[in-house]
Amino acid sequence: MNNRGRGSPMFLQKKMGKMIRACGSEVGQYVLVAALIGSVATIASIVLLQSDLRNGLAEQRLEAVEQAEAISTHVEATLEAYGVLVESFATIIANDPDLTQEDFSEIAETIGGGYPEIINIAAAPELVVQYVHPLEPNRDVIGLDYLNNVVTWAAIHRAVQQRAPMYEGPNSLIQGGDGIIVRAPVFVLSLIHISEPT
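Residues numbered from 1 in each chain as written. Predicted model: local features only at pLDDT ≥ 70, side-chain atom pairs only at ≥ 80, totals over all residues. Heavy atoms only, no water.

1. Some remarks on the nonpolar core
No. 1: Ranked by internal contacts, the top residues of the largest apolar core, which has 18 residues, are Phe89, Ile93, Phe104 and Ile121.
No. 2: Elements with a contribution of two residues or more to this core: helix H2 (26–95), helix H3 (101–112), strand S1 (121–123) and strand S4 (178–188).
No. 3: When residues in this core are grouped by element, the largest group, six residues, is from H2.
No. 4: Listed in part, the nine residues of the second largest apolar core include Ala124, Tyr146, Ile156 and Val160. (Core = buried A, V, L, I, M, F, W, Y, C linked by side-chain atoms within 4.5 Å. Buried < 20%, exposed > 50% of the residue type's maximum accessible area, 1.4 Å probe, protein only. Helix = DSSP H or I, 4+ residues; strand = E, 2+ residues; numbered from the N terminus.)

Next up, the structure:
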């Protein structure tokens, strides 16, 4: 190893010696040494701070991605659970299409009671809402004719064609507020009913 090159300790020591002697006084030499040490420490701190910031931003990005993935997984699982709930409800209605409002509410409470975020569950024999649970806060939905709304009819038509739950929203709801609507067709002989929690 060459001890005389520009980056060598010997070279730096000679340069420092010349600078200190150039200051003349002993106090000036101490000030110069302190200034050099301070400069080196400041540069080192800046380099370390930049590195920490880069690492910190990378960590924040990673945390944000992990949180977004967790939220996405939760939303997917919740929507899948709603789909299963609606399909279960559709099967029950298909097996007993002449339910009373009281029967409907009892079944809806049993199946959907574990989901406090569900605003309502409705059924529309012949595409007109006749049942809704809970009834009182959602009474305005009774009598809603899906054939009178082109957008709603298109969503129902897709559900019927695919024989699977369809998700829509968030939409403004007739009874107020916004919600995601999950629709599933109910096949009873030649009649089509729609069961939907919102």
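2. Comments concerning the pattern of salt bridges
No. 1: Tallying each qualifying case throughout the model produces two salt bridges.
No. 2: Among the ionic pairs, Arg139 bridges to Glu136, the shortest N-O distance being 2.5 Å.
No. 3: For Arg139, a relative accessible area of 43% translates into the label partly exposed. (Salt bridge = Lys/Arg side-chain N within 4 Å of Asp/Glu carboxyl O.)

3. Side note on helix H4 (residues 150–162)
Structurally, the α-helix is built with 3.6 residues per turn, so residues lying three or four positions apart point the same way.
No. 1: If you check H4, its first and last C-alpha atoms are 18 Å apart, about what 13 residues at 1.5 Å a residue would give, namely 18 Å.
No. 2: When we look at burial in H4, the residues that qualify are Thr152, Ala155, Ile156, Ala159 and Val160. For H4, the buried positions fall inside an angular range of 140 degrees around the axis, keeping them on one side. In this structure, H4 carries Val150, Val151, Gln161 and Gln162 as exposed residues pointing more than 90 degrees from its buried face.
No. 3: The residue sitting at the N-terminus of H4 and contributing the capping side-chain oxygen is Asn149; that oxygen lies 3.0 Å from the backbone nitrogen of Val151.
No. 4: Downstream of H4 by a residue or two, Arg163 has a phi angle that is positive, lying close to 50 degrees. (Expected span 1.5 Å × (residues − 1). Arc of directions from axis to C-beta. Polar contact = N/O pair within 3.5 Å; in protein donor to acceptor, adjacent residues only side chain to side chain.)

4. What about a negative patch on the surface?
No. 1: Judged by side-chain charge, Asp96, Asp98, Glu102, Asp103 and Glu106 come together as a negatively charged surface patch.
No. 2: Note that Glu102 resides in helix H3.
No. 3: With relative accessibility at 63%, the residue Glu102 sits in the exposed group. (Patch = residues over 30% accessible without salt bridge, like charges linked within 9 Å, V, L, I, M, F, W, Y side chains within 5 Å. Areas by Shrake-Rupley, 256 points an atom, 1.4 Å probe, with all protein chains shown as cover. Lys, Arg positive; Asp, Glu negative; His and termini not counted. Charge placed at Lys NZ, Arg CZ, Asp CG, Glu CD.)

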